[in-house]
Amino acid sequence: MKLSLRSKLSLSYILIIILIVSSASFFTNFLLEKQFREYVIAQQVQENQRIVDLIAQHYQEDGGFRPEVMESIGLDALKQGVIVRVRDSTSLIVWDAMTHDHAACVEVLAHMQQNMNSRYPNFQGAYVENTYPIEQNQQLVGAVDIGYYGPFYFTDSDLKFISTVNITLLAVGACSLVLALILGAEMAKRISNPVSRVILAAQQISRGDFRERITEKSTTSEIIQLTGTVNDLAETLQQQESLRRRLTADVAHELRTPLATLQSHLEAMIDGVWQPDTARLTGCHEEILRLNRLVGDLERLARFEGENLVLDKTSWQLRQLVERITQNFAAEAKQKDIQINLTGADPAVFADQDKISQVVVNLLSNALKYTPAGGMIELALAEADDTVEFSVRDNGDGISPEDLPHIFERFYRADQSRNRLTGGSGIGLAIVKAIAEAHQGTIVARSRQGAGSEFIITLPKHAN
Ligand code: ADP
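Draft legend 1. A look at a nonpolar patch on the surface. A cluster of nonpolar side chains, Phe26, Phe27, Phe30 and Leu31, forms an exposed patch at the surface whose accessible area comes to about 460 Å². In this structure, Leu31 sits in helix α1 (residues 5-62).

Now the structure itself:
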């Protein structure tokens, strides 16, 4: 059976309250009645003794049993449901309630029986008689027989007391039930409302509306966590979505220019407007090379930015790798008359060698690209307790303060016209950043326009 959280909570409250109230009523009733029964029995014993003492006292004061005094005592006792018979030392009856008013006695006993049966339908009661001796100076002067409906009985006021207690218990139970229902419904509402909000928000999010956020406040820590998590999820999805859109737009934008150039050039040649000479075909070829580079960069970026970027981490010497790559760039550097210097220690790093060589290649090729002829590139290695630092500093064009915060974004190129010449697609630094972060490392850039730039990558030295 499927029940809402609210119904389940409300039902649990009702069940708990019914259990508490009924068990409290049952035990109170049970204990109270038991105590009250014992009290009534003790009272009966006391009352019997009081009557006997009163008769003995009058015997002493009057020097014998005076029937009219006995009658007054006996009639008083009868009102309490007690039937008295007084006998003298020869067992001669001085006064007997039964003889005096048989009908009243029978009526009293019947009334007590009725009281007891109203309370306990199966009560096994019967007439009980106890005999008490009356003594004067250790001499037996008579006896009193006291009879009542036994083993015990409740008078009208006793019954009234018991029913008042029960009614009070019932009223308390009913009041707590109503109160619990109101409070339970309120509590259930407080818990289920935010959960319903979360469900609604999650449904909106699953339909693709990532702007949805839960703003309701709650004082329940689990609900706060739940709403926080759903909001974070929506935030992440929204970011992913905008990233995806931007990437598609950026790729389309990047492809449009070389494709448009190719199209117009080829159309001009087909229409015979242009002769397909070497220079024009070389232009087309360059555009194709640019497209190829872009696709290659995109592939690499997708690989490095992918969540499943698998790193083959080992411990190796960073300097050797940097030296090797520098040699690969030696011809290009010589051609541009740029001097490359490498200084610093030979630290070991715990990283994926392939990926880090990509980082060094990207940083070094950028430095060569953006440093004019006659410039200088300083490569430096340094190590701290847990990290290794590799920096690439050039005295080239530099980056403006407006561009500096964005250079690690995909397709971001600081100077469009300059980049057109250098042929960059704006992906190289995004790849560097993705690799650094995958290694739990960092990359920072410092630059002053016209005074050169410095890129510093920090990598962990040991396995975490
Ligand atoms: P690109 O393929 O265009 O070089 P990158 O992601 O490698 O793309 O670099 C992004 C932008 O950062 C570049 O277009 C360039 O404007 C700037 N940049 C990167 N490295 C340097 C550098 N050493 N000196 C000056 N500008 C740089």
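Draft legend 2. Structural detail: the packing of aromatic side chains. According to the stated counting rule, one finds 13 aromatic pairs in the structure shown. Ring centres of Phe408 and Phe455 lie 6.4 Å apart, and the angle between their planes is 80°; this geometry places the pair in the edge-to-face category. With a gap of 47 residues between them, Phe408 in the loop between β9 (387-394) and α11 (416-422) and Phe455 in strand β11 (residues 452-460) connect regions that are remote in the sequence. This pair shows no difference in class: Phe408 is buried, exactly as Phe455 is. Chaining the aromatic ring pairs together yields one cluster made of Phe36, Tyr39, Tyr120, Phe123, Tyr149, Phe152, Phe154 and Phe161.

Draft legend 3. Here's a closer look at the pairing of β9. Where strand β8 (residues 376-383) and β9 come together, seven bridges link them in antiparallel fashion. Of the residues in β9, the one forming a bridge with Leu381 is Phe390. Count of turn residues in the β8/β9 antiparallel hairpin: three residues. The pairing of β9 with β11 spans seven bridges and is classified as antiparallel. When the bridges of β11 are listed, Phe390 appears paired with Ile457.

Draft legend 4. Structural context of the packing of helix α8 (residues 318-328) against helix α10 (residues 353-369). The contact between α8 and α10 brings their axes to 10 Å, and the two run at 45°. Put simply, α8 runs oblique to α10. Between α8 and α10 lies a crossing of right-handed hand. Residues Leu318, Leu321, Val322, Arg324, Ile325 and Thr326 of α8 lie in contact with α10, whose contacting residues are Gln353, Ile356, Ser357, Val360, Val361 and Leu364. For the contact of α8 with α10, a count of residues per class yields eight nonpolar, three polar and one charged.

Draft legend 5. Structural context of the site of the ligand. Surrounding the ligand, one finds 21 residues, the nearest of these being Asn366, Tyr370, Asp394, Ala414 and Leu429. Separating an oxygen atom of the ligand from a side-chain N or O atom of Lys369 is a distance of 3.1 Å. Separating an oxygen atom of the ligand from a backbone N or O atom of Gly428 is a distance of 3.3 Å. Residue assignment for the shell around the ligand shows that the elements contributing at least two residues are α10, α11, α12 (428-438) and β11. With three residues, α10 is the largest single contributor of residues to the shell around the ligand.

Cut-offs and rules
- Residues numbered from 1 in each chain as written.
- Predicted model: local features only at pLDDT ≥ 70, side-chain atom pairs only at ≥ 80, totals over all residues.
- Heavy atoms only, no water.
- Patch = residues over 30% accessible without salt bridge, like charges linked within 9 Å, V, L, I, M, F, W, Y side chains within 5 Å.
- Areas by Shrake-Rupley, 256 points an atom, 1.4 Å probe, with all protein chains shown as cover.
- Salt bridge = Lys/Arg side-chain N within 4 Å of Asp/Glu carboxyl O.
- Helix = DSSP H or I, 4+ residues; strand = E, 2+ residues; numbered from the N terminus.
- Phe/Tyr/Trp six-rings, centres within 6.5 Å; stacked < 30°, edge-to-face > 60°.
- Buried < 20%, exposed > 50% of the residue type's maximum accessible area, 1.4 Å probe, protein only.
- Pairing = 2+ DSSP bridges.
- Axes fitted to C-alpha atoms, helices over the stretch in contact; angles between N-to-C directions.
- Parallel < 35°, antiparallel > 145°, perpendicular 65-115°, else oblique.
- Left-handed = near helix turned anticlockwise from the far one by under 90°.
- Contact = heavy atoms within 4.5 Å.
- Nonpolar A, V, L, I, M, F, W, Y, C, P; charged D, E, K, R; others polar.
- Near = heavy atom within 4 Å.
- Polar contact = N/O pair within 3.5 Å; in protein donor to acceptor, adjacent residues only side chain to side chain.

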